[in-house]
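Here are the chains, one letter per residue:
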Amino acid sequence: MMATTKKHEPADHFLDSLTDELIAASDDQVLDGVDGDAAQQTGLDLLKKAKAEAGRRRLAAAKERSAAARSRATPTVGTREQVSADSARAYLSKVANDPRYTMAARNLSEMSDDDVLRLYEQLRSLEARNLPKGSSS
Amino acid sequence: MSTVPEGEDQRLTPAEIESVLSKFSRADWVRARSLAAAACNGVPGWTPDDLLQEAMTKLLEGTRTCPIGVHPLVMLKTAMRSIASNERKHEDNSPIDADVAVAHFDHLPENDSRPLAHGNVNNTPYDSAAARQALQSLEQLVASDEELGLLFLAWGEGLRGQEAMDAVGWDKAKYEAARKRLTRRLSDMAAEWSSR
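All figures in this text were calculated on a predicted structure; none of them were measured in a lab. (Residues numbered from 1 in each chain as written. Chains lettered and ligands numbered in written order. Predicted model: local features only at pLDDT ≥ 70, side-chain atom pairs only at ≥ 80, totals over all residues. Heavy atoms only, no water.)

1. Let's talk about empty space enclosed by the protein
Thought 1: Applying the stated criterion across every chain, the model contains one cavity of 30 Å³ or more.
Thought 2: In this model, the largest cavity occupies a volume close to 40 Å³.
Thought 3: In terms of lining residues, the largest cavity is bounded by Leu-22, Gln-29, Val-30, Asp-32 and Val-34 of chain A together with Val-30, Ser-34, Lys-180, Thr-183 and Arg-184 of chain B.
Thought 4: When contributions to the lining of the largest cavity are tallied by element, the ones reaching two or more residues are helix H2 (27–31) of chain A together with helix H2 (26–40) and helix H8 (172–194) of chain B.
Thought 5: Examining the composition of the lining of the largest cavity, we find that three residues originate from one element, H8 of chain B, more than from any other.
Thought 6: Broken down by class, the residue content of the lining of the largest cavity amounts to four nonpolar, three polar and three charged. (1 Å grid on protein atoms, 1.4 Å probe; cavity = no way out; pocket = protein on both sides within 12 Å on 5 of 7 lines; lining within 4 Å. Points joined across faces, edges and corners; volume = space filled by probe spheres on them. Helix = DSSP H or I, 4+ residues; strand = E, 2+ residues; numbered from the N terminus. Nonpolar A, V, L, I, M, F, W, Y, C, P; charged D, E, K, R; others polar.)

2. Quick look at the pattern of salt bridges
Thought 1: Within the structure shown, the criterion is met by 22 salt bridges over all chains.
Thought 2: In this structure, the salt-bridge partner of Arg-160 of chain B is Asp-20 of chain A, at a minimum N-O distance of 2.2 Å. Here Arg-160 of chain B, found in the loop between helix H6 (146–156) and helix H7 (161–168), pairs with Asp-20 of chain A, found in helix H1 (residues 10–24), and the two come from separate chains.
Thought 3: Asp-20 of chain A sits in the partly exposed class, given a relative accessible area of 32%.
Thought 4: What emerges from the salt-bridge pattern is a single network uniting Glu-53, Arg-56 and Arg-57 of chain A together with Glu-54, Lys-58 and Glu-61 of chain B. (Salt bridge = Lys/Arg side-chain N within 4 Å of Asp/Glu carboxyl O. Buried < 20%, exposed > 50% of the residue type's maximum accessible area, 1.4 Å probe, protein only.)

3. Things to note about the confidence of the model for chain A
Parts of the prediction with low pLDDT should not have their coordinates interpreted in detail.
Residues and elements named next belong to chain A.
Thought 1: Confidence in the prediction for chain A averages 79 pLDDT; 74% of positions are at 70 or higher.
Thought 2: Element-level pLDDT for chain A is lowest in helix H5 (residues 113–130), with a mean of 77, against a maximum mean of 94 in H2.
Thought 3: Here residues 1–5 scores under 50 on pLDDT; set against residues more than four positions off or in separate chains, the count is six contacts. (pLDDT = per-residue confidence, 0-100. Contact = heavy atoms within 4.5 Å.)

4. Brief notes about the interface of chain A and chain B
Accessible area lost on assembly of the parts is the figure often given for the size of an interface.
Thought 1: Contact with chain A, which involves 46 residues of that partner, is made by 55 residues of chain B.
Thought 2: When the two sides are added together, the surface that chain A and chain B hide from each other amounts to roughly 4700 Å², 63% of it contributed by carbon and sulfur.
Thought 3: Across the chain A-chain B interface, the total number found is 24 residue pairs in polar contact (both at pLDDT 80 or more).
Thought 4: Of all elements in the fold, only H1, H2 and helix H3 (36–73) of chain A reach the threshold of two or more residues within the side of chain A that touches chain B.
Thought 5: The element that contributes the greatest number of residues to the side of chain A that touches chain B is H3 of chain A, accounting for 16 residues.
Thought 6: Grouping the constituent residues of the side of chain A that touches chain B by class yields 20 nonpolar, twelve polar and 14 charged. (Buried area = accessible area lost by both parts, 1.4 Å probe. Polar contact = N/O pair within 3.5 Å; in protein donor to acceptor, adjacent residues only side chain to side chain.)

Rendered as structure tokens:
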């Protein structure tokens, strides 16, 4: 099978010629026998949808960038991605009796997963900064 | 036809592109949809309006840009051709037809009556495959009209205007009548697909 070169694709040339011919044609010629009002209405509807979708995609991209920035700023020890809420609860329950820490007398089972994980991250971050290596598990 | 605003920046901002598109006349939208019908040929599952909307979305999103001074229809054509080409390549690179069973061995379960095919890695250039696909669909569009077939061949060679007119040997009236039939056929195709 012969590979067609990039410089000579009839479909591309056709589209280029069609574009130039449409630009060269007068509005009357283009609109002759065609429902121009319907075409315009459809076009404007498509533009409206395109604008809405473009906004959604830009917002989604901004959220991804923001999440990536937050992820880079978060300490690498004990991130949420690496620890389950149950594991974090078990760890917090264990260190609650450690005299080196002062923890509010809260029932861990009543805390939300998010709160448990946040507390866990804070604790691990403190440990990473303040405690001698190997002093906690 | 709306004009692209002048500015010091080399590329239009999404807001400038939106401004240009929102000023399109009735004829401009007919032109744009005809281009979409031509560019969309051979893209499975896409209508011309889908392609036109996706092109505008990418331009307004900022993932596709347009240099200042480019005609808005050329801007749309370039975006649509790129999207359509990518979609055709994606289709070429997708698994074989879902109605065909792909097997490593020469047998299928007894209760599977689908035809058997072996998986095949296609190493031919995707660009060429996509272009052939588009060309075949466009050829079907003009198959029933000998004059349109001739015009299609001329435009496919990159000829246009007086040069194309001379090549096919028609006078201006005949050339413009054929051009109108072809663009009308594309416009009708876009309208028909959008009403499905």
